[in-house]
Amino acid sequence: MSRIVGIDLGTTNSLVAYMEGGFPRVIPDAEGHVLLPSVVGFTADGILVGDAAKRQLVRNPTRTIYSVKRLMGKGYEDVKKELRYFPFHVVPSDEVVKIRVADREVTPPEVSALILRALKERAEAHLGLPVTKAVITVPAYFNDSQRQATKDAGRIAGLEVLRIVNEPTAASLAYGLHRLKEGTVAVYDLGGGTFDISILRVKDGIFEVLATNGNTHLGGDDFDRAVVDWLLADIKARHGADLRADLEALQELRLGAEAAKCRLSFEERTVLTIPLPQHGFTYRREISRAELETLIEPLVQQTLGPCRLALADAGLSANAVDEVVLVGGSTRVPLVKRRVQELFGKTPHSQLNPDEVVAVGAAVQADILAGGITNMLLLDVTPLSLGIETLGGVMSVLTPRNMTIPTSAKELFTTSVDGQTVVDMHVLQGERELVKDNRSLARFELSGIDPMPAGMPRIEVTFLIDANGILQVNARELRTGKAASIEVKPSYGLTDTEVERMIEESFVHAEEDVASRLLIEARNEADTVIRATERALGQGSGLIGQEETAQINGALAALKAARDGSDRDAIRAATERLNQATLHLAEVLMDSALKEALTAKRVTEALGKPER
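The following refers to the structure shown. (Residues numbered from 1 in each chain as written. Predicted model: local features only at pLDDT ≥ 70, side-chain atom pairs only at ≥ 80, totals over all residues. Heavy atoms only, no water.)

### Concerning the sheet that holds strand S7 (residues 64-66)
- If you trace the three strands from one edge of the open sheet to the other, you get S6-S5-S7, paired in antiparallel fashion. Edge positions in the open sheet fall to strand S6 (46-49) and S7, since each of these has one partner strand only. Going from strand to strand, the sheet's axes swing by 15° on average, the running direction of each strand aside.
- When strand S5 (residues 39-43) meets S7, the two strands line up antiparallel, connected through three bridges. Counted as the bridge partner of Val39 is Tyr66 from S7.
- Along the sheet face, helix H3 (residues 108-127) touches S5, S6 and S7 and points at about 105° away from the line of S5. (Pairing = 2+ DSSP bridges. Helix = DSSP H or I, 4+ residues; strand = E, 2+ residues; numbered from the N terminus. Axes fitted to C-alpha atoms, helices over the stretch in contact; angles between N-to-C directions. Contact = heavy atoms within 4.5 Å.)

Shown next, in the form of C-alpha cells:
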C-alpha cells in the first residue's frame, strides 16, 4: 500500500508531512530534524543533500547548490543578473538554465529531484511503506513553466505529483483544520526566496481563493544579501580588504548574516564573529535590530504593494479582511509583523509553526484527494491572464487572472485573408492589451482549413486549465472539423520582474493600452470595409452611374488615407462615410443577385419539364 504525502519544496528548507488519525504530522529524519535544508553538494564520493551538503558549503562552494528554486523554470537571460550571488557556475545557454558541477551539467529540476528523493526516502523509512504519490506546493505566482518544472522534478524523483498547490492556499487549509470556520482571510507568505499574498473566502468548508499576487524573487535570501553587502562595505572600510572575489569568505559572511538575522528576531543586539585567516584578521561586528531593520525596510515595503493589488482584485478594503495569517520563516522578523499589522489593521496569526504550516496544508490536500477528508474543498486561481494573438497584434484574453481553476473558456475567431488554409495560434500570458507587451508561451498551427473568403471560417479556441494551473489549448474549425491542440510547456518561466511588470504596467498604462487597442480595432474595421468595397465595385461595374462610382471612390480614398493615421475617431468617421456611400451599391448588388437566382431557377424548371 502506498501513502500520499504532502511536500513543501522550499527555497531554504523543505519538509514532508502526512495525515495520521485525522491530524497532519511533519516527518522528522533519524535525528529528529523536520527541516531538510534545500542544499545539494556534489563531491568526489557522491551526492550530499540537506545538512551534510550545507556543512560543505564553505569548503566547496562551487560544487554546492542552494536556492535552486529561484532557477526553476527559468532561462539564462532570466537569471543572469543575480548570478553574482551564487558561487556555483550557471552555463550561458539559449535553453533552460544549466549548472556546471565539475565535469557535469545539471538542471534545476534535477537538483530539486534530489531534494524530493531525500524527502521520499525519509517518509518511507518513517512509514514503513512505499511512497509514490505526492502533493507538492509552489508559490502562488509560479507560472506554467515553473509549475511544469516542479512536476518534472517530482517525476525524476519517482513521485507521481497528484496536485500542485499554491503555498498560501495550502497554509489556509492547515489553519482551516485547526480554527478557521468562515470569513475572509489574507495569507501573507514570505519564505526564503519567494513572497505571496492570497485573499481567500472560507465558508462551510470551502476555501475559495479570491485573488493572489506576489513576487517570485523576494524573500529571506534577499534580507541576507542586504546584510552581506553592508558587511562587505564595512570590512573594506575598516580592514581595507575587498572580499567580493573570495567565494569561501562570501559564504562565511552569508551564513553569518543569516544566523544574525535569526537571532535578531528574538534579541535586540548580537555580535557577528568571522575568522578570515586567509586575509590576516578576524572580523567582529555588533549588529542591532534597528540596523537590520534599516537595511531590510525597502524589501519589506516591496511586499506591501502586491498586498494592495490583491485586495483591489478581490474588491475588498484591508479592514474587510477578518483574519491575517503569517506563513514562512521570514515572517518571524519583527519588522515584517509590524508592517503587516499596520496594513491590515489587525494582529496577524502565527500560532502554527510558519516553517511547517505549508507542508501541513499539503498533507491536508493529499488526504482530501485520498478521500480521507470529505468536508473541505479547495478552489484555487490562476495568477496571470491567458489569451491568444488576434489581428493587429492585440491579445484577446480567454481566461483573466484570478479565475478559479480548474476552468475552461471558449471563444470563436475567424480568418483575415481570403483563401487562408493555415492559422498560426499564438498563446500569450500577461496583463497588457498588446502582444508585444506580454509573454509568448507557445505557438502551433491549425492547418487543413478549406479555402474560404475572409471571415467565413469559424475557429473555436478552447483553453483548459487544470487544477495544477497547467494550460492546454485546442483549436477547431467548425465547418470542416479540422482540429489541433497543444499542452503549453514553455522552456522557461517568467522572471519576477516580468511578472511584476505585467501587473503594474497594466495599471500604469491602462489608458494608453485601451487607446492602442481601439486604434487597432478601428483600422481592422476599416480594412474589412475597404476590401468589401473594392470587391463590390468590381461586381457592380455597369450597375451604377459614373457619378455614384466617383463618390464611392472618393470615400474609399479618404478612408485609406485616414486608416494610415493615428486618429481612431477620424478612421471611424471615414469608415461610416464609406458605408453610407455604398448603401445604394449594396442594394443594387442584392437585387442583381436575386434576379440571377430567379432566372437560374426558371431555366432549371424549364429544362426539367417534359416535351408535349
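Anyway, onward from the coordinates.
### Here's the deal with the environment of Glu534
- You can see Glu534 is positioned in helix H12 (residues 510-539).
- Along the chain, Glu534 and Val325 lie 209 residues apart, while their C-alpha atoms are 65 Å from each other.
- The contact partners of Glu534, leaving out residues within four places of it in the chain, are Leu556 and Lys560.

### Some remarks on the packing of aromatic side chains
- Using the criterion set out here, one finds four aromatic pairs in the structure.
- A ring pair is formed by Tyr66 and Phe88, whose centres lie 5.9 Å apart and whose planes are at 80°; its orientation type is edge-to-face. Remark: Phe88 occurs in the loop between helix H2 (76-79) and strand S8 (89-91) and Tyr66 occurs in strand S7; sequence separation between them is 22 residues.
- Among the aromatic side chains, those forming a connected cluster through ring pairs are Tyr66, Phe86 and Phe88.
- Directly above the ring of Tyr66 sits Arg254, whose terminal nitrogen or CZ lies 3.9 Å from the centroid. (Phe/Tyr/Trp six-rings, centres within 6.5 Å; stacked < 30°, edge-to-face > 60°. Lys NZ or Arg CZ within 6 Å of the ring centre and 35° of its normal.)

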